[in-house]
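# Understanding the architecture of this molecule
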Amino acid sequence: MNKIELNSLTLKELREYMVSIQEKSFRGEQVFSYFHRNKKVDIENLKVLPENLRKYLLDNIKVNKIDIYKVFDSKIDDTKKYLFLLDDMNIIESVAMEYNHGLTACISTQVGCKMGCSFCASTKEGLIRNLTPAEMVNQIYMMEKDLGKDISNIVLMGSGEPLDNYDNTMKFINIIHDEKGHNISLRNIALSTCGVVPRIYDLANENIPITLSISLHSPFDAERKKIMPIAKKYSIDELMKACRFYSEKTKRRITFEYTLIDNVNDRDVDIKELIKILEGLKCHINLIPLNPIREFNKDRPSRKNIERVQRILSNRGIAVTIRREMGGDISASCGQLRRAVTQGNNKRF
């Protein structure tokens, strides 16, 4: 029988758990704050709990812990890439990026990914397993401890598809936002998906003011299918209907991630169709120059062409930016460093 992972429980669940073992519900709040405000994991040192309760918890529950395996510091900016070792010896990665508006963490939601996007290093070894809520929050806490400062913005865009691990991702958001814990604003959380259409509707109905980012990468079904297998399941028409539902339901602007690939999706015909499918939708386009990987034999466009695409979109009244590349010297893009390290170590430690 699997033990309950105590630091994966929401505050409500922790209170209910305490009542279920004949304890007062406020004990759940004490444990929750210990995990998520104090960033502690050692129940034996939670002296506010009676000794008999501490002993019961030690004997009957699990507290998830992750360890920093390696830290890589960029020499060109303030980016840090973290490799974390999990209880089962799997490895995941996170990135901490320093901006003028604060410290942003990009974290993983799965070990690997099954979505198969052709230009993404995260998916090349497939999906190994989902991360638990505790494994997600612990990425935040371990980086904060190492950096000696609080993270103010979270991006669910590391290895994995957050909407493929929907329930655990929603619990993570609940936990990290709770005022009794880390108390991060929902507006400071962004979730990136390749387009799991039914879950976009589910997320809309959660009605929480996070930022939804859609990995689009082509406005044409035929081209999108070549680089994103999810497009074989959900057409662009279905995806855009879900996006419009989400925008209308939440009143939030959607971000579209658009990786620019030379002579694949940066042509005039592509940009014209992109403008057409986004007409009337409150959105922002994030242009991402391709980070080439060995398994995807395509090139990034020239800087001149990237700026041309930006200019065309901007002239049509669409909010658009070119993503600032962070940590280029430490393989800070999604999945690159984890893959390099695991391949050199027979995939597991």
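The rules behind the values
Residues numbered from 1 in each chain as written. Predicted model: local features only at pLDDT ≥ 70, side-chain atom pairs only at ≥ 80, totals over all residues. Heavy atoms only, no water. Helix = DSSP H or I, 4+ residues; strand = E, 2+ residues; numbered from the N terminus. Rg over C-alpha atoms; globule rule 2.2 N^0.38 Å. Buried < 20%, exposed > 50% of the residue type's maximum accessible area, 1.4 Å probe, protein only. Contact = heavy atoms within 4.5 Å. Areas by Shrake-Rupley, 256 points an atom, 1.4 Å probe, with all protein chains shown as cover. Lys, Arg positive; Asp, Glu negative; His and termini not counted. Charge placed at Lys NZ, Arg CZ, Asp CG, Glu CD. UniProt positions renumbered as here; feature names shortened; annotations may be inferred. Axes fitted to C-alpha atoms, helices over the stretch in contact; angles between N-to-C directions. Parallel < 35°, antiparallel > 145°, perpendicular 65-115°, else oblique. Nonpolar A, V, L, I, M, F, W, Y, C, P; charged D, E, K, R; others polar. Pairing = 2+ DSSP bridges. Expected span 1.5 Å × (residues − 1). Right-handed = clockwise from strand over helix to strand, strands pointing away.

### Side note on the overall build of the protein chain
Scanning the protein chain for helices and strands turns up 11 helices and 14 strands. The globule rule puts the C-alpha radius of gyration for 349 residues at 20 Å, and the 21 Å found for the protein chain is close to it. A principal-axis box enclosing the C-alpha atoms of the protein chain has dimensions of 70 × 45 × 40 Å. Counting across all 349 residues of the protein chain, residues that qualify as buried make up 55%. Long-range contacts, defined here as pairs at least 24 residues apart, represent 66% of the contacts in the protein chain between residues at least 6 apart. When the accessible surface of the protein chain is split by element, carbon and sulfur atoms take 46% of a total near 15900 Å². Distance from the positive charge centre (55 side chains) to the negative charge centre (46 side chains) of the protein chain: 2 Å.

### Thoughts on the UniProt feature "binding site: S-adenosyl-L-methionine" (unreviewed entry) in the protein chain
The sites that UniProt annotates as "binding site: S-adenosyl-L-methionine" (unreviewed entry) are G160, E161, S192, S215, L216, H217 and N291. Examined against the element boundaries, G160 turns out to sit in the loop between strand 9 (153-156) and helix 5 (166-177). Overall, the relative accessible area of 17% leaves G160 in the buried class. Excluding its chain neighbours within four sequence positions, the residues that come into contact with G160 are T109, Q110, G112 and C113. Along the chain, E161 turns up in the loop between strand 9 and helix 5. In this structure E161 touches T109, Q110, C113, M115, S192, T193, C194, G195 and V196, once residues within four positions along its chain are discounted.

### Details of the packing of helix 6 (residues 197-206) against helix 8 (residues 236-250)
At a closest axis distance of 9 Å, the pairing of helix 6 and helix 8 adopts a crossing angle of 5°. Viewed along their axes, helix 6 and helix 8 adopt a mutual orientation that is roughly parallel. Where helix 6 approaches helix 8, its residues V197, I200, Y201, L203, A204 and N205 are matched on the opposing element by E238, L239, K241, A242, F245, Y246, K249 and T250. When the residues that make up the contact of helix 6 with helix 8 are grouped by side-chain class, the tally is nine nonpolar, two polar and three charged.

### Some points on the sheet that holds strand 6 (residues 102-107)
An order of 3-4-5-6-9-10-11-12-13-14 is seen for the 10 strands of this open sheet, with the pairing classed as mixed. Of all strands in the sheet, those bounded by a partner on one side alone are strand 3 (67-73) and strand 14 (319-322). Averaged over all pairs of adjacent strands, the angle between strand axes in this sheet comes to 20°, irrespective of strand direction. Across the sheet, helix 4 (residues 133-147) is in contact with strand 3, strand 4 (80-85), strand 5 (91-99), strand 6 and strand 9; its angle to strand 4 comes to roughly 125°.

### A few points about the side chain of Q139
Its place among the elements puts Q139 in helix 4. On the basis of relative accessible area, Q139 is assigned to the buried category, the value being 0%. Discounting chain neighbours no more than four positions away, the residues touching Q139 are I66, F84, I92, E93, S94, I107, S108 and L131.

### Some words on helix 10 (residues 303-315)
Helix length check: helix 10 (13 residues) gives 18 Å between terminal C-alpha atoms against 18 Å at 1.5 Å per residue, within 8%. The secondary structure elements touched by the buried residues of helix 10 are strand 12 (254-260), helix 9 (268-277), strand 13 (283-289) and strand 14. Immediately beyond the C-terminal end of helix 10, within one or two residues, lies G317, with a positive phi of roughly 85°.

### Quick notes on the pairing of strand 9
Burial along strand 9 is two-sided: N153 and V155 facing one way and I154 and L156 facing the other are all buried. One ladder, built from four bridges, connects strand 6 with strand 9; its direction is parallel. Residue pairing for strand 9: T104 is matched across the bridge by N153. Here strand 9 runs beside strand 10 (residues 189-193); their pairing, made up of three bridges, is parallel. Residue pairing in the sheet places V155 in a bridge with A190 of strand 10. Handedness of the β-α-β unit built from strand 9, helix 5 and strand 10 comes out right-handed.

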